[in-house]
Amino acid sequence: MDSLLLSQYLIAGIVIGIIYALMAIGITFIYSIMKMINWSMGEFYMMGSYLQYFLVVYFLGAHLWFVGIPLSMAVVFGVGMIIQRYLLRPMFVGEMERKDEYATVITVALMVFFRNLAVVLAGPNQFAPPDYAGPTHIGPLPVSGNRFVALIGTLVILGLFYLIVKKTWVGKALRGSAQNRVGIQTAGVNVLRVDQIAFGIGVSLAAAAGALLAPIFLVWPENGAVATMKGFEIIVIGGLGSIPGSLVAGLLLGVIESLGSVLISPSFKDVYGFILVLAILTIRPTGLFGERQRVA
Amino acid sequence: MSADGIQLLETKNLTKRFGGLVAVENLSLSIRRGEIRGIIGPNGSGKTTLMNLISGLYRATAGAIYLEAQRIDGLTPNVRTARGIIRTFQVPKVFRNMTVLENMLVPALSDSQGDRYKRHPEIVREAQALLQFVQLAHMENRLAQTLSGGQNQLLQIARGFMVQPLKLYLMDEPFAGVNPQIKSVIMESIKAMNREKGITFVIVSHEMPSVRRLCDRVSVIHEGRCIAEGTLEEVAHIPAVIEAYIGG
Amino acid sequence: MKTKPKFFFGCLAGIMIFSLLLFSSGGSAAEPVKIGVMTPLSPPGATLLGQFILRGAEMGAEYVNANGGVLGGRPLELVVEDDSGTPEKGIAGYRRLVSQKNVSAVIGQVHSSVMIAVGDLSEKLGVPIFSTQASSKAITEKHLMTAFRTHAIDPDRAKMWLNFIQEMGYKRIALLAENTDYGLGLVDETKAGMQKLGLDLELKSFVFDKKVVDLTPQLLELKAWKPDLLIDIHSVPTTAYLMVKQAYDIGLYPGTPILASFDWPGRTEFWQNLGDKGNYILFISYYHPKMQLTERGEWFKQQYHQKYGEFPIYPAFNGFGQILILADALELAQSAKPADLIAALEKGQFKSWNGTVTFERGEGPYWHQWSPPLMVLQYTQANQSPEDAPILYPPEMKTGSYKAP
């Protein structure tokens, strides 16, 4: 195999892998604090992509696309806070049994609801916002400007996320809740409030992925499904609850899919990810970085 | 409850059942402001359940809890902490992936400290002073998971002193599995805080020598009920107490 | 449980009920004749095709009912079933339509893999099933009594592009095909057709999984092979749009022309999604807005435009047409029994939207098969409407020549 082509596959894999990781980090972040899986994560991705599309096309104009991303994130953050408050919080109040089942039922119901809502509000058609940037090159790979923007945007958002979690009071509350729920409560922190913020942040990361990827993977009611599936694969590989794990696993999955589909056979691209998942589950069932109660 | 405000904490007929098991039954306690009260009793007598009821991790099946004559048994744990009740756990609940100093800052997140942004440098200074006091200052940038069990107990206790306002400090087996040097640091800090800041302590412990040195009075809990109260010397001669310990 | 279960189960129930309301449709008068519309309405199916077919079928039923219904005033009632593009769901859905809803016929099939699976079952249960846009020849090759089609089949399509390739003088042809009956079937058909026609071509197939949204690695490999033409064989338009974008971004397209295996570039959303990047694409179509329609087809085109603010495209026309064919066949049979209906379908001549349809017992895949006219179109400028896209092939319909970027 020619080394130029090989490096092209590698770069393509890295770009897509880091973008996948954003989704996984949102899922794992919510899990690490609330100890529940949000199955409707893809619908928040979808919401982010629609918001971005409507903001850019109807209000901001193509040149202000970068203003749309934080705005979309902010709206989804708010929606997430409201959903947590009225639909998810009840499971943490009092001594409810089977929290997991409750969370699963609610978030799966939300998934169905939001998909249908999108069809009703915007129709079954796809949309795409105008391109964020023209084609460019990363080393030897001709790459779409949109992908490049998504890569940089993801890195910026992850950087901000890291700063918030590591350096602020809110971040301390988030980390404390992830590491020791009882400890943080008896230190006087309203853990339900922390949950609400965590859920808001987690879903706004999904929204960021949706908004950044809107010109690449388009906007339609089910566009979150693929991102969610990749997100869950990454979590299994990287370890549930581990943010560095999600990043590494995202890169790994992106590169393996890219190389596997051209070096072995292109017809089973999705299978390579699952083989990796199975291999990890066999060798290290908790994932590469899996450890209980860990964040950042 | 007392009208003169001498009583800081009172429980009235407090009962907690887990299914058919009665862990705490009709327990009434009065703790004076400024007191250091010991809670003793055989294993499984309901001491930790009592701590959990007062701190709010459990909801009582029946009965009431008053802090400064106000009912608090309907409040969540964090609200009780904001009202001035802190507790420690036998297995220290520290934040393993935070540094020692970061652990100390967590109580500043309490709802009662909304001015934390403004006071940030001051809070950090207080935390460092407390770490100095409990002889952990040299470790302030280490992750809590690298500390020994005894050091984590010390950290947990020191962190509790960061709560503001602090009225009632509940400690669950603070001396269990702790080396003599750390034990004496814990004892000194309890005495100092009681003397200087008037903080009331309720200490659950099996360590009779420590209880004798620290506590004004002890309450003996057996099968969820308070069977005796007085100085350690007084209760040690009550037949029911002797029977509980020997029988238990 | 010390929580407030009523409250959140109330919320939950609210969500569920609302979701159901979004999907449900109104009922109709007594003794209707029921027709099933089983089509992909959720992923991994081609949900847009399903939506368009459903729109067409609904307007077909409106047309029939507005004109007095069938069998002496009985209204047509559509029963909708979602097969998600998966054979398991298709089989379950067909069973439900036949045994619980008592439909006289089922239309709306899009995915060949589903249609093939359901075809075998339909032979046992006896209720006719129509391929609306599933094109594998295996469907009609089995000579099932119950399988019908009014859509182009793979040999038609492969022959179409082989002729076009010959005319253009292309030598190296890359087939980017999904790993389904549709994609692999067309690869085989192209190879067979090439031998039959004695063409000297280099063919290479690049197979991908249908669910994959990022084809960048395959396209890089394909680009390195330097083909004269890329034939894209996607069954789901969404991922096809993504492919064009990705091909553009790595500098493969439009330098190397892309020929789409069906008319997905003809949709309004094509330009919305691709903008300038979509220009110069070639595509196979069974419909051109300037083509002559029947009176019924013209009615549909106008009514659809009024209702949806855009002109209908092929799947909507075909969904509409099949309902009309069935209505006429019911009249001819004077019975709603599936067996009588099949007999009527075989002997009658039916006015659809694009011509007169018959279902003869033909040779090979041309059994119960009616193929619409095919053509190759090209967009020659960005945001062009399909109406203005020149027809490059066949020669008798030709209105323009290939325009290179």
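We now turn to the structure provided with this report. (Residues numbered from 1 in each chain as written. Chains lettered and ligands numbered in written order. Predicted model: local features only at pLDDT ≥ 70, side-chain atom pairs only at ≥ 80, totals over all residues. Heavy atoms only, no water.)

**Re the interface of chain A and chain B**
Working step 1: Contact residues are listed per partner, giving 21 residues for chain A and 27 residues for chain B.
Working step 2: Of the roughly 2200 Å² buried between chain A and chain B on both sides combined, carbon and sulfur atoms contribute 61%.
Working step 3: Between E102(B) and R175(A) there is a salt bridge whose closest N-O contact spans 2.9 Å.
Working step 4: At the junction of chain A and chain B, the tally comes to five residue pairs in polar contact (both at pLDDT 80 or more).
Working step 5: When residues of the side of chain A that touches chain B are assigned to their parent elements, the largest contribution, seven residues, is made by helix 6 (residues 169-179) of chain A.
Working step 6: For the side of chain A that touches chain B, a count of residues per class yields seven nonpolar, nine polar and five charged. (Contact = heavy atoms within 4.5 Å. Buried area = accessible area lost by both parts, 1.4 Å probe. Salt bridge = Lys/Arg side-chain N within 4 Å of Asp/Glu carboxyl O. Polar contact = N/O pair within 3.5 Å; in protein donor to acceptor, adjacent residues only side chain to side chain. Helix = DSSP H or I, 4+ residues; strand = E, 2+ residues; numbered from the N terminus. Nonpolar A, V, L, I, M, F, W, Y, C, P; charged D, E, K, R; others polar.)

**Examining the environment of I37(A)**
Working step 1: Structurally, I37(A) can be placed in the loop between helix 1 (3-34) and helix 2 (41-60).
Working step 2: Note: C-alpha distance between I37(A) and A103(A) (66 residues apart in sequence) is 7.2 Å.

**Description of the sheet that holds strand 6 (residues 172-178) of chain C**
Residues and elements named next belong to chain C.
Working step 1: The strand order 7-6-8-9-10-13-14 describes an open sheet built from seven strands, whose pairing is mixed. If you trace the sheet from one side to the other, it starts and ends with strand 7 (202-208) and strand 14 (391-393), each paired once. Sheet twist, expressed as the mean angle between neighbouring strand axes with direction ignored, is 25°.
Working step 2: Taken together, the three bridges between strand 8 (residues 229-233) and strand 9 (residues 258-260) define a ladder with parallel strand orientation. (Pairing = 2+ DSSP bridges. Axes fitted to C-alpha atoms, helices over the stretch in contact; angles between N-to-C directions.)

**Regarding the interface of chain C and chain A**
Working step 1: Residue-level contacts link 45 residues of chain C with 48 residues of chain A.
Working step 2: For the pair chain C and chain A, the summed buried surface comes to about 4200 Å²; carbon and sulfur atoms form 65% of the total.
Working step 3: If you look at where chain C meets chain A, you find three salt bridges.
Working step 4: A salt bridge links K245(C) to D131(A), with the shortest nitrogen-to-oxygen separation between them at 3.8 Å.
Working step 5: If you look at where chain C meets chain A, you find seven residue pairs in polar contact (both at pLDDT 80 or more).
Working step 6: Take the side of chain C that touches chain A: its biggest share by element is 10 residues, from helix 1 (residues 5-23) of chain C.
Working step 7: Of the residues contributing to the side of chain C that touches chain A, the split by class is 24 nonpolar, 11 polar and 10 charged.

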